[in-house]
Amino acid sequence: MVLSELPGTAPELVKVLTCAPPERLRAEFPRLIAAVWSDGAGTDLAAPAVRLLMEEPDLPGVERLPYLAVLLGLLAEARPPQLGAEVISLAGRRLGPFLERWRDAPAGRPLSLALTYLLAHFPDARERVLAVADGLPLDTGDRSRLDRALQRLDPAAPKIGRAFPSPAAWELDDAEREFDRGWIEALSPQEVRRHWDDDTETVLGHLGAKAYWAVLTGAAPAPVVAGAVPARTPSPPPAEAGVFARHADAFRCPGCRGPLRFTDRTARCSTCGAAYLLERGVLDLTAGADDGAERRGDWLFKLAEIPTMGFFYEAHARPNFLRLSGSNWGGEVTPAAEDEYIAGHVRPAAGPVLDLAAGAGRWTSVLADAVGADRVIALDLALPMLAALRGRLPEVPAVMSSARRLPFGDATLGAVLCWNALQAFPADAAAAIAEVGRCLRPGGTFTLLTYRESPDPVYRYFVGRHHFPQHADGLRLFRPEEVDGWLADAGLRVRDRWEPGTFVILTAERAPR
């Protein structure tokens, strides 16, 4: 019997999960979930189905147990809270058998990943679960996610804000730990609790997304591939005077749109007289410059806040974000494939080429190789990222500025790259693309990598459990039609598109006159 033929009763749902051939169950599993779960809430069938499942004398076999583990994990998180509590109570009575199966499961395979996700919901059995985990060859990231999910908040010494991609990825030095203490101590108890709960959702969301993908595909996730990584602590070199001057015709004052004149230490608007700090090849357009020590001290303070952010982003955050948001657990989109796409599709008209939201410069270097470093300008809003970029690419000028109002004149740029970044400023995404359209010369290209929402509501739920500064309420990716609409409104015509998984990878062109 297939799910479409079921009368919708709990006994029949249990029968599908316990008796259907594994190949049929894989095809029907999303629809089976839909019968008991919807957008984070349990249906009327959820509790009766779980009660019947947990009354079975034995756990399902190796081929069916991964499905049960993911289903129970989902329902343990489901609304109303009474349902989740009942699921945890009922499943907890079978904790011993679950742990035995986990101990025997091949590492990195669907069963092990699904049971890791399920067992992360039992903080009252933390020591018992971790005792088994310590004897397993778990992935380091998954082990730290499990550990974090099983922890209880200690209000006197909260550890928050370091959950993605995993707690193990964060190797803080003394200065960074002191930085954490400062911002955490300024939070109210309610804010500490909110951050703690967000971090818990993040680690559970990652375990769930990984397990769900593995169960549906029957495959083990591919290893994380980071690509080139910058120095852990950047040291941006001084810049030659000409590094900005060669692009002076394109630059505009972010305040009045007047032209900028560059010296070794500042950029000054010829129209309104506003001055902006230029330090070590980074032009700070986020505030007016004060030639005194106070403004330069502030610049150095910003750099010192999290000096290793560029390294962390490239080594850990970016490759894991690619797997999660692009549904790229199988590793189809590799750094080499990204390099190839950029090199093959950026086709600039005359003028400088902008790397918009350039981050730590991994893809700026590919862009520089493709079009020539002397044509490239890098723009980002995070100074530690630009410091890492400047350390890698001293010949490329860097601009600290928002994407919402680009500091360039109309039709001054030959091409724009925005790689794995648009989703980082979702509220400004439409405005940023409109600005790209304004600044591109006719025939210039806009090459983009971002992500669309998964059509699978369960996978979309797991992605939405991830919390980032720009996505405090949970990570939300773009609807498929959104990006196309913004491009059309900006006068950009898509000429190439590649959409593996839930990626949006495309190149659009400003129509020639």
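What you see is a predicted model; the values in this text were computed from it and never measured. (Residues numbered from 1 in each chain as written. Predicted model: local features only at pLDDT ≥ 70, side-chain atom pairs only at ≥ 80, totals over all residues. Heavy atoms only, no water.)

### Remarks on the packing of aromatic side chains
Argument step 1. Following the criterion strictly, the structure yields 19 aromatic pairs and no others.
Argument step 2. Three or more aromatic residues joined by ring pairs make a cluster, and in this case those are Phe29, Trp37, Tyr67, Tyr117, Tyr212, Tyr461 and Phe462.
Argument step 3. Taking NZ or CZ as reference, Arg148 lies 3.5 Å from the ring centre of Trp196, over its face. (Phe/Tyr/Trp six-rings, centres within 6.5 Å; stacked < 30°, edge-to-face > 60°. Lys NZ or Arg CZ within 6 Å of the ring centre and 35° of its normal.)

### Here's the deal with the packing of helix 4 (residues 65-76) against helix 5 (residues 81-92)
Argument step 1. Closest axis-to-axis distance for the helix 4/helix 5 pair is 7 Å, and the angle between their directions is 140°. Classed by the angle they form, the pair helix 4 and helix 5 counts as oblique. Taking contact as the criterion, the partners of Leu72, Leu75 and Ala76 in helix 4 are, on helix 5, Leu83, Gly84, Val87, Ile88 and Ala91.
Argument step 2. For the contact of helix 4 with helix 5, a count of residues per class yields seven nonpolar, one polar and no charged. (Axes fitted to C-alpha atoms, helices over the stretch in contact; angles between N-to-C directions. Helix = DSSP H or I, 4+ residues; strand = E, 2+ residues; numbered from the N terminus. Parallel < 35°, antiparallel > 145°, perpendicular 65-115°, else oblique. Contact = heavy atoms within 4.5 Å. Nonpolar A, V, L, I, M, F, W, Y, C, P; charged D, E, K, R; others polar.)

### Looking at the confidence of the model for the chain
Argument step 1. Of all residues in the chain, 94% attain a pLDDT of 70 or more, and the chain-wide mean is 91.
Argument step 2. Note on residues 1-7: pLDDT is under 50 here. Beyond four places in sequence and across chains, it has 15 contacts.
Argument step 3. The low-confidence segment residues 299-304, where pLDDT is below 50, has 15 contacts with residues more than four positions distant or belonging to other chains. (pLDDT = per-residue confidence, 0-100.)

### Overview of the nonpolar core
Argument step 1. Ranked by internal contacts, the top residues of the largest apolar core, which has 114 residues, are Phe98 and Trp102.
Argument step 2. By residue number, the principal contributor to this core is helix 4, which donates ten residues.
Argument step 3. Aside from chain neighbours lying at most four places away, what touches Phe98 is Met54, Leu59, Leu65, Leu72, Ala91, Leu115, Leu118 and Leu119.
Argument step 4. Grouped together as the second largest cluster of nonpolar side chains are 45 residues, Ala250, Cys418, Phe446 and Leu487 included. (Core = buried A, V, L, I, M, F, W, Y, C linked by side-chain atoms within 4.5 Å. Buried < 20%, exposed > 50% of the residue type's maximum accessible area, 1.4 Å probe, protein only.)

### Focus: the packing of helix 9 (residues 140-149) against helix 11 (residues 189-217)
Argument step 1. Remark: helix 9 packs on helix 11, axes separated minimally by 9 Å, with the N-to-C direction vectors making an angle of 135°. As far as their axial angle goes, helix 11 and helix 9 are oblique. Between helix 9 and helix 11 the crossing geometry is left-handed. Counting all contacts with helix 9, which are made through Asp142, Arg145, Leu146, Arg148 and Ala149, the residues of helix 11 involved are Trp196, Asp199, Thr200, Val203, Leu204, His206, Leu207 and Lys210.
Argument step 2. When grouped by side-chain class, the residues that make up the contact of helix 9 with helix 11 number six nonpolar, two polar and five charged. (Left-handed = near helix turned anticlockwise from the far one by under 90°.)

### Some remarks on helix 19 (residues 457-464)
Argument step 1. Along helix 19, six of the eight residues are buried, which leaves the element largely enclosed by surrounding structure.
Argument step 2. For helix 19, the secondary structure elements touched by its buried residues are helix 2 (22-36), strand 1 (37-38), helix 4, helix 7 (110-119), helix 11 and helix 14 (309-325).
Argument step 3. Near the N-terminus of helix 19, the side chain that reaches the backbone nitrogen of Val458, with its oxygen 2.8 Å away, is that of Asp456. (Polar contact = N/O pair within 3.5 Å; in protein donor to acceptor, adjacent residues only side chain to side chain.)

### Structural notes on the pairing of strand 11 (residues 440-451)
Argument step 1. Buried residues dominate strand 11, accounting for ten of its twelve residues.
Argument step 2. For the crossover that starts at strand 10 (residues 413-419), traverses helix 18 (residues 429-439) and ends in the parallel strand 11, the hand is right-handed.
Argument step 3. The sheet contact formed by strand 11 and strand 13 (residues 503-510) spans seven bridges and is antiparallel. When the bridges of strand 13 are listed, Leu448 appears paired with Leu506. (Right-handed = clockwise from strand over helix to strand, strands pointing away. Pairing = 2+ DSSP bridges.)

### Description of the environment of Trp102
Argument step 1. With respect to the helices and strands, Trp102 occurs in helix 6 (residues 95-104).
Argument step 2. Along the primary structure Trp102 and Ala10 are separated by 92 residues, whereas in three dimensions their C-alpha atoms are 27 Å apart.
Argument step 3. Among residues more than four places away in sequence, those in contact with Trp102 are Ser112, Leu115, Thr116, Leu119, Val129, Val132, Ala133, Leu136, Leu138 and Leu146.

### Digging into the environment of Thr364
Argument step 1. Checked against the element boundaries, Thr364 lands in helix 16 (residues 362-371).
Argument step 2. For the pair formed by Thr364 and Val70, sequence separation is 294 residues and the distance between their alpha carbons is 40 Å.
Argument step 3. Excluding anything up to four places from it in sequence, Thr364 contacts Asp355, Ala358, Val376, Ala378, Leu389, Leu393 and Val396.

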